[in-house]
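An overview of the molecular structure
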Amino acid sequence: MTTNLIVGAGTELDHWNNARCLTHMPHIDLTRLVPDGVRAVIIAPHPDDEILGCGGVLQLLHAAGRSLLLMSITDGTASHPGSAQWTPERLRQVRPQESEEAVTRLGLSGLNWVRGGFEDTQVASSEDAVSDFIKQHLRPGDVVFATWREDGHSDHDAVGRASSRAAKAVGATLHEVPIWAWHWAHNDDPRVPWKRARKVALSPYAIARKRYAAQAFTSQLEHDPSTGLAVLPAPVLERLLQPFEVVFLQE
Ligand SMILES: [Zn+2]
């Protein structure tokens, strides 16, 4: 990718609250998307994407009794470049633990979970290996939710492409989930595939649980005195805690 789309404060929540593309977006019934007896697989590039992109989807599918598999591709060791406080070694330990805590907070303890341990920020350079890893764990008929291949973060994009390849090879269905797109896109943005976008409505209870789960990501939320930054400042997090989640249906 030549342009970094994830710069500055990004598109404000207010903009999305008034965006026609969202008010007019059709809803989808998740239990139709993942019928009874079919397994859902959630693929997260970094430990937190599973909650930020699919925290509601996970709860709804669990409540509907669907079998679930979570795949974490990296351990998120590159979230704090130059930080004295959050070294890659510390992040390698802490971020998967935060993810486990978050999933428990959703009420999903005992979830089937596989970890790839691929290098954070370098997924694109090992895309074939990532695709093979995903393929090994997929079964024909699975319904896969992965980050959108044009989400604007190189790892998210690479996971989207690798998942698509693996799903095709195995005979699984792939739906894509935008996460960073909410940062750089805007209402009716022509770069976004709105035609295949569907809203998954979340109940107040599901949103509250997702919010509680997201609070487990201390490393990402905390202000880091050694860099003066937080990875997920409050406005970024709020933008990801809307009363719905969006999936781009497989074409
Ligand atoms: Zn991510």
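Higher on the page you've got the structure.
Residues numbered from 1 in each chain as written. Predicted model: local features only at pLDDT ≥ 70, side-chain atom pairs only at ≥ 80, totals over all residues.

1. Things to note about the overall build of the protein chain
- A count of helices and strands for the protein chain gives eleven helices and seven strands.
- At 17 Å, the protein chain has a C-alpha radius of gyration in line with the 18 Å of a compact globule built from 251 residues.
- Each principal axis of the C-alpha distribution contributes one length, and for the protein chain these read about 50 × 40 × 40 Å.
- Within the protein chain, contacts between residues separated by at least 24 positions form 82% of all contacts whose residues are at least 6 apart in sequence. (Helix = DSSP H or I, 4+ residues; strand = E, 2+ residues; numbered from the N terminus. Rg over C-alpha atoms; globule rule 2.2 N^0.38 Å. Contact = placed C-beta atoms within 7 Å.)

2. Structural notes on the environment of Tyr205
- Within the secondary structure, Tyr205 is located in helix H9 (residues 204-214).
- Taking the C-alpha atoms as reference, Tyr205 lies 25 Å from His175; in sequence the two are 30 residues apart.

3. Describing helix H7 (residues 154-170)
- Counted at 1.5 Å a residue, the expected span for H7 with its 17 residues is 24 Å, and the 24 Å between its end C-alpha atoms agrees.
- If you check which residues of H7 are buried, you get Asp155, His156, Asp157, Ala158, Val159, Gly160, Ala162, Ser163, Ala166 and Ala167.
- Packing partners of the buried residues in H7 comprise strand S1 (40-44), strand S2 (68-74), helix H6 (127-137), strand S4 (143-147) and strand S5 (173-177).
- Positive backbone phi, at 90°, marks Gly171, one or two positions downstream of H7. (Expected span 1.5 Å × (residues − 1). Buried ≥ 20, exposed ≤ 12 C-beta atoms within 10 Å, placed from the backbone.)

4. What about the nonpolar core?
- Counting 58 residues, the largest nonpolar core has Ile42, Ile43, Val130, Val144 and Phe145 as its most contacted members.
- Among the elements that take part in this core, helix H4 (residues 49-63) stands out by supplying seven residues, more than any other.
- Other than its neighbours up to four places away in sequence, Phe145 contacts Ala40, Ile42, Ile43, Cys54, Val57, His175, Val177 and Val247. (Core = buried A, V, L, I, M, F, W, Y, C linked by C-beta atoms within 7 Å.)

5. Overview of the environment of Pro204
- Mapping Pro204 onto the fold places it in helix H9.
- Placed 39 residues apart in sequence, Pro204 and Pro243 show a C-alpha to C-alpha distance of 7.4 Å.

6. Some points on H9
- Buried within H9 are the following residues: Ala206, Arg209, Lys210, Ala213 and Ala214. Axial view of H9: buried residues confined to an arc of 135°, hence all on one face. Facing away from the buried surface of H9 by more than 90 degrees, the exposed residues are Pro204, Tyr205 and Ala208.
- The inward-facing, buried residues of H9 contact H4, helix H5 (88-105) and helix H11 (234-239). (Arc of directions from axis to C-beta.)

7. Things to note about unusual backbone geometry
- Positive phi, close to 150°, is recorded for Asp48, a residue that is not glycine.
- Looking at the secondary structure, you find Asp48 in the loop between S1 and H4.
- You can call Asp48 buried: it has 29 C-beta atoms within 10 Å.
- Here the phi dihedral of Thr121 falls at roughly 75°; this positive angle occurs in a residue that is not glycine.
- Residue position: Thr121 is located in the loop between strand S3 (112-118) and H6.

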